[in-house]
Amino acid sequence: MSVARYWREIPRRYRLEAGKCSNCGYIAFPHRLVCPECGSRKFEDYRLKDTGKIVSFTTIEVGPTEFSDQVPYNVGIIELGDEVRITAQIADADPKDIKIGGKVKLEFRKIQQDGHAGVIKYGYKAVLV
Amino acid sequence: MDNNKAGIVGYGAYIPRYRIRVEEIAKVWGADANSYKKGLDVLEKSVPGPDQDTISMSVEATKYALKRAKIDPQEIGAIYIGSESHPYAVKPSGTIVAEAIMATPDIHCADYEFACKAGSEAMFVSMSLIKAGEMKYAIGIGGDTSQGAPGDALEYTTAAGSASFIFGKDNLLAECLYTHSYMTDTPDFWRREYMHYPRHGGRFTGEPAYFKHTIGCGKKILEKSGMNPSDFQWAVFHQPNGKFPKRAAKMLGFSFEQIKQGWLVPLLGNTYSGASPIGLTAILDVAKPGDLIFMVSYGSGSGSDGFIFKVTDKLPEVQNLAPHTRYQLENNRIYLDYGTYTKYRGKILKAE
Ligand SMILES: [Zn+2]
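All of these numbers come straight from a predicted model, not from anything done at the bench. (Residues numbered from 1 in each chain as written. Chains lettered and ligands numbered in written order. Predicted model: local features only at pLDDT ≥ 70, side-chain atom pairs only at ≥ 80, totals over all residues. Heavy atoms only, no water.)

### Some details on the coordination of the zinc ion
All names here are of chain A. Rule in force here: Coordinating donors are taken as N, O and S atoms within 2.8 Å of the metal, stretched to 3.2 Å for Na, K and Ca; because water is absent from the atoms, sites can appear incomplete. Four donors are marked tetrahedral only if all angles between them lie between 85 and 135 degrees, whereas four are marked square planar and six octahedral if opposite donors are more than 155 degrees apart and the other angles lie between 65 and 115; the remainder are marked irregular. Each helix corresponds to a stretch of at least 4 residues labelled H or I by DSSP, and each strand to a stretch of at least 2 residues labelled E; elements are numbered beginning at the N terminus. Under the scheme applied here, a residue whose accessible area is under 20% of the maximum for its type counts as buried, over 50% as exposed, and between as partly exposed, the area being computed with a 1.4 Å probe on protein chains only.
Donor atoms from the polypeptide that coordinate the zinc ion comprise C21 (SG), C24 (SG), C35 (SG) and C38 (SG), at 2.3 to 2.4 Å from the metal. The coordination sphere of the zinc ion comprises four donor atoms, whose angles at the metal cover 103 to 113°; the geometry is tetrahedral. Positions of the donor residues of the zinc ion, expressed as sequence spacing, correspond to C-x2-C-x10-C-x2-C. Here C35 lies in the loop between strand 2 (27–28) and strand 3 (43–47) and C21 lies in strand 1 (residues 17–21), a separation of 14 residues in the sequence. Each member of the pair, C21 as well as C35, carries the same accessibility label: buried.

What follows is the structure in structure tokens.
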């Protein structure tokens, strides 16, 4: 991920900023220009809830190069309090402690760093509560 | 409203879940765990996860502080983070924390460094700006993911954690009645640019460094306030190990009962810039209206910042709005073996 793209995505990565359709209430995360439900182009700013539950998860044993020194790590589909589903790592957790339906909250974590000299990228990860 | 009033309107601490026991470190270096445990008064220490650093922990601590303060982050006029482990050598930590809590763009920011005193410096400056009427709210944070060289005595205590304080004039949880700062040039501990681990002056770190400044600052602030140690319900000191703060308390005339609640080091280790600030959060978690709190930090190099706080009627209403510090310290711990610990701390690196 380029520094420019990371920078553009700061509002959603740091603060879970989404768009809520002014017409039908659909929550777009990330932001969209057109509502997939009703075609409206009017959105209000909306911040997702930072708690939710695990819908599904998997443990990655062999990851892509930039995550290879983190294996094994857990990735889950999380349904947040506002019924929006996001994909996030589940941090600080032994796979045997992760359960479908288990409650989580989102914490601010380092997601990736570009070697020893590059930019450090932050964002959200889920932790069990 | 008294125009000079200023104090804490929100506070929070964040302690990572990982721990390593003294035995686990001693085993690798052929050292006697019991003599370290007795000598340092430390049983285990916190370790940041591989995805945690001073910035990420400070964001979480500040989110807890905001839950208790219940203020609009857009009204925060300054954010200062004190740490000796800012993730970047050049690029502020505070911009990232401010962005994460939605406090940008009308905000002043600076990162502080003064070994273990950087956190209390951030608190001191934030509060002074409030007293001066420059802004409505200011945040002072102390946090570290400190490192000790493998096998060095510091490796048994260097730990991770962060504490965040929001200062303001109205709806105070604790009013700051007095401050005092005390420092001299004392080279007891340092780290040069590009060096991964600090160096220290061994026994030199005690008498002419920690004790001289802690006691010096403590005496001066007592003098300034006209108060006696027995007037305080609580006291907290910098805690590089368990022994030093116990002895400093005794030298100043405080009892162990007064420091016990904020004396977190046996299970937490030394969180450097976070040490006395996190201890203060543990005290605020349980303090009662009218209680007086005495705090003296210490940072090598060397200096101490002293604070006297008086708890207001409002504190009990917000204590349970975020996780208590001692709860985080004593629950949900994940114990690491030495190998995993060295990997998490970046002491060993995977081949490219
Ligand atoms: Zn719509």
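Read on, since the account is not over.
### So, the environment of A:T59
Residues and elements named next belong to chain A. Formally: When checking whether two residues touch, look at their non-hydrogen atoms; a contact exists if any pair is within 4.5 Å. Polar contact criterion, stated in full: a pair of N or O atoms within 3.5 Å, where within protein one must be able to donate a hydrogen and the other to accept it, and residues adjacent in sequence count only if both atoms are side-chain atoms.
Residue placement: T59 occurs in strand 4 (residues 51–60). Given a relative accessible area of 22%, T59 falls into the partly exposed group. Non-local contacts of T59, meaning those with residues more than four positions away in its chain, are made with P72, Y73, N74 and P95. In this structure the side chain of T59 is engaged in a polar contact, spanning 2.9 Å, whose partner is the side chain of N74.

### Points about the nonpolar core
All names here are of chain B. Threshold: Here the nonpolar core consists of buried residues drawn from Ala, Val, Leu, Ile, Met, Phe, Trp, Tyr and Cys, with membership extended through side-chain atoms lying within 4.5 Å. Either an automatic procedure or a domain database provided the assignment from which the domain bounds are taken.
Counting residues in each nonpolar core, the largest one holds 39 residues, and the members touching the most others are F165, L280, L284 and F309. It is helix 5 (residues 118–131) that provides the largest number of residues to this core, a total of six residues. Here this core gathers at least three residues from each of two domains, domain 1 (7–174 + 325–344) and domain 2 (175–315). When residues no more than four places from it in sequence are discounted, the contact partners of L284 are I8, Y11, F165, A174, I293, L315 and Q319. Within the second largest apolar cluster, 37 residues are counted, among which are Y18, L252, V265 and F294.

### Some points on the packing of aromatic side chains
Spelled out, the test is: Pairing of aromatic side chains here covers Phe, Tyr and the six-membered ring of Trp, requires ring centres within 6.5 Å, and sorts the geometry by plane angle: under 30 degrees stacked, over 60 edge-to-face, intermediate tilted. The criterion is that NZ of a Lys, or CZ of an Arg, lies within 6 Å of the ring centre and within 35 degrees of the ring normal, and then a charge sits over that ring.
Enumeration over the complete set of coordinates arrives at 23 aromatic pairs over all chains. Taking 5.1 Å as the distance between ring centres and 85° as the angle between the ring planes, the aromatic pair formed by B:F256 and B:W263 counts as edge-to-face. Classification of B:F256 as partly exposed rests on a relative accessible area of 34%. For B:W263, a relative accessible area of 12% puts it in the buried group. A cation over an aromatic ring shows up here: A:R12 above the ring of A:F29, its NZ or CZ 5.9 Å from the ring centre. For B:R21, the ring lying beneath its charged end belongs to B:Y335, and the centroid distance is 3.7 Å.

### Concerning the domain arrangement of chain B
When the parts of a complex come together, some accessible area is lost, and that lost area is often taken as the interface size. All names here are of chain B. Stated precisely, the cut-off is as follows: Put simply, buried area is the surface a 1.4 Å probe can reach on two separate parts but cannot reach once they are joined, added for both. Whenever Lys or Arg places a side-chain nitrogen within 4 Å of a carboxyl oxygen from Asp or Glu, that contact is recorded as a salt bridge.
Along its sequence, chain B is organised into domain 1 (7–174 + 325–344) and domain 2 (175–315). Here domain 1 and domain 2 have C-alpha centroids that lie 15 Å from each other. Of the roughly 4500 Å² buried between domain 1 and domain 2 on both sides combined, carbon and sulfur atoms contribute 63%. If you sort the residues of domain 1 by the area they bury against domain 2, D41, C116 and R326 come out on top, with a joint share of 14%. Our count for the domain 1 to domain 2 interface comes out at three salt bridges. K246 is paired through a salt bridge with D41; the nearest N and O atoms lie 3.1 Å apart.

### A short note on the state of the cysteines
Linking two cysteines covalently through their sulfur atoms gives a disulfide. The following threshold applies: Disulfides are defined as pairs of cysteine sulfur atoms found within 2.5 Å of each other.
Under the defined criterion, the tally for this structure stands at zero disulfides over all chains. Sulfur of B:C116: no disulfide; nearest cysteine sulfur belongs to B:C217 and is 15 Å away.

### Some points on the domain arrangement of chain A
Residues and elements named next belong to chain A. In terms of domain boundaries, chain A breaks down into domain 1 (1–48) and domain 2 (49–129). Relative placement of domain 1 and domain 2: their C-alpha centres are 20 Å apart. Contact between domain 1 and domain 2 buries roughly 1100 Å² in total, counting both sides, with carbon and sulfur atoms accounting for 67%. Linking domain 1 with domain 2 are zero salt bridges.

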